[in-house]
Amino acid sequence: MSQLAVCSWSGWPDSPETLIGRLEKIGLRRIQLAFDPLIDKPAWKNTPTLLRDAGIKVVSGMFGTALEDYSTPATIRETGGLGPDAAYEIILKRIPQYCALLDTFGLDKISFHAGFIPHAHGAARAKMTQRLGRIADLFDDHGKQLLLETGQETAETLETLLDELARPNLKVNFDPGNMLLYGMGNPSLALQILMPRVAQLHVKDAIPSGDPEVWGEEKPAGEGCVDWLRIFGILSEARFTGNLVIERECGDDPAGEIRRATNFLSKLLKP
């Protein structure tokens, strides 16, 4: 439980004050922090000071990509991650800002969705490999690890891509819920494949739709189809010491649902 944190964007708070109030209700003092609001929105400019004064520890960063449209799996396949040229160029320009924020919080890890990685080799996959390699190198120049969030491809495809790139600072942010939402395989089997590269885990649950063109349904941890007993067994076998970050991106009561997830995890992880 000492590894537990929560994603700052769970429920998408409109200000750091709202975020801090929500954390107080949840009872957690550790977060993975979305960095883009700190760059784009005046209401978030004083976030480092407010979090420090509230005694909240930031454990890692996260950034999004421009133009992404999560309406359907098809729209995010076209608009997500590094695929659109404009999104890629914006990330390149923002990397110094992201690294400066990591330094502000004394961190070395930041995650993002790279976008759909084509299973087959060809021009689209070559473009993704080149772009991802360049971004990983720019973060490495600052001594930072770049974590790829799972879900938009199978574990086997991601493992092959990471082998091809051979960037030591390129790691995995494993999200078992995403594997089900995108219909990309059994989360436990995927974790076994990727475990040597996993640097952080998102605690998110889901029910698959059974149709790769239709979203599955996100659920609070313990209320979906993820085999958490097996997931934590694999983590235990690997002596995993990274962050376990609860993510809840929908629902009417994110604070209440995250509390339910923490209760579930406290029972599951009780010695």
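Along each chain, residues carry numbers from 1 onward, in the same order as the chain's sequence is written. Local features are withheld for residues below a pLDDT of 70 in this predicted model, meaning they are given only at 70 or higher, and side-chain atom pairs are given and counted only at 80 or more; totals for whole chains, interfaces and linings count all residues. For side-chain calculations, the full set of non-hydrogen atoms in the structure is used, while hydrogens and water are omitted.

A.B. asks: What's the story with the pairing of strand S3 (residues 57-62) in this structure? I'm lost.
C.D. replies: Here's how the labels work: a residue is buried when its accessible area is under 20% of the maximum for its type, exposed when over 50%, partly exposed in between, all with a 1.4 Å probe on protein chains only. Helix numbers and strand numbers start at the N terminus; a helix is a DSSP run of H or I with at least 4 residues, a strand a run of E with at least 2. The buried fraction of S3 amounts to five of the six residues, a majority that puts the element mostly inside the structure. We treat two strands as partners when DSSP finds at least two bridges between them. Inspection of the sheet shows strand S2 (residues 30-34) paired to S3 by five bridges, in the parallel sense. By the bridge assignment, Leu-33 is partnered in S3 with Gly-61. Where S3 meets strand S4 (residues 109-112), two bridges bridge the pair, whose relative direction is parallel. The residue bridging Met-62 from the neighbouring strand is Ser-111, located in S4.

A.B. asks: I'm lost on the sheet that holds S2 in this one. Help?
C.D. replies: In any sheet, the strands associate via hydrogen bonds between backbone groups, in a parallel or an antiparallel arrangement. One closed barrel accounts for eight strands, arranged S1-S2-S3-S4-S5-S6-S7-S10; its pairing is parallel. Averaged over all neighbouring strand pairs, the angle between strand axes comes to 35°, with direction disregarded. For this analysis, residues touch if any pair of their heavy atoms sits within 4.5 Å. In this description, a line fitted to the C-alpha atoms serves as the axis of each element, helices being fitted only across the stretch in contact, and the angle between N-to-C directions of two axes falls anywhere from 0 to 180 degrees. The strands touched by helix H10 (residues 228-237) within the sheet are strand S6 (170-174), strand S7 (198-203) and strand S10 (243-246), with S7 carrying the most contacts at an inclination of about 160°. Along the sheet, helix H11 (residues 254-268) contacts strand S1 (4-7), S7 and S10; its crossing angle with S10, the most-contacted strand, is approximately 140°.

A.B. asks: Could you clarify how one ought to interpret unusual backbone geometry in this entry?
C.D. replies: For residues other than glycine, phi is negative in most cases, and the peptide bonds are mostly trans. Of note, Trp-12 is a non-glycine position whose phi angle comes to about 50°, a positive value. Its location among the elements puts Trp-12 in the loop between S1 and helix H1 (16-26).

A.B. asks: When you look at the packing of helix H6 (residues 123-141) against helix H7 (residues 155-165) in this model, what are you seeing that I'm missing?
C.D. replies: Between two packed helices, both the angle of their axes relative to each other and the distance between the axes serve to describe the pair. The geometry of H6 relative to H7 is characterised by a closest axis approach of 11 Å and an angle of 60° between their N-to-C directions. The angle between the axes of H6 and H7 places the two elements in the oblique class. Crossing of H6 against H7: the hand is right-handed. Taking contact as the criterion, the partners of Arg-125, Thr-129, Leu-132 and Gly-133 in H6 are, on H7, Thr-157, Thr-160, Leu-161, Glu-164 and Leu-165. When the residues that make up the contact of H6 with H7 are grouped by side-chain class, the tally is three nonpolar, four polar and two charged. Relative orientations are named as follows: roughly parallel for angles under 35 degrees, roughly antiparallel for angles over 145 degrees, roughly perpendicular for angles from 65 to 115 degrees, and oblique for any other angle. Each crossing gets its handedness from the near helix: less than a right angle anticlockwise from the far helix is left-handed, clockwise is right-handed. Residues are grouped as follows: Ala, Val, Leu, Ile, Met, Phe, Trp, Tyr, Cys and Pro are nonpolar; Asp, Glu, Lys and Arg are charged; all remaining types, including Gly, are polar.

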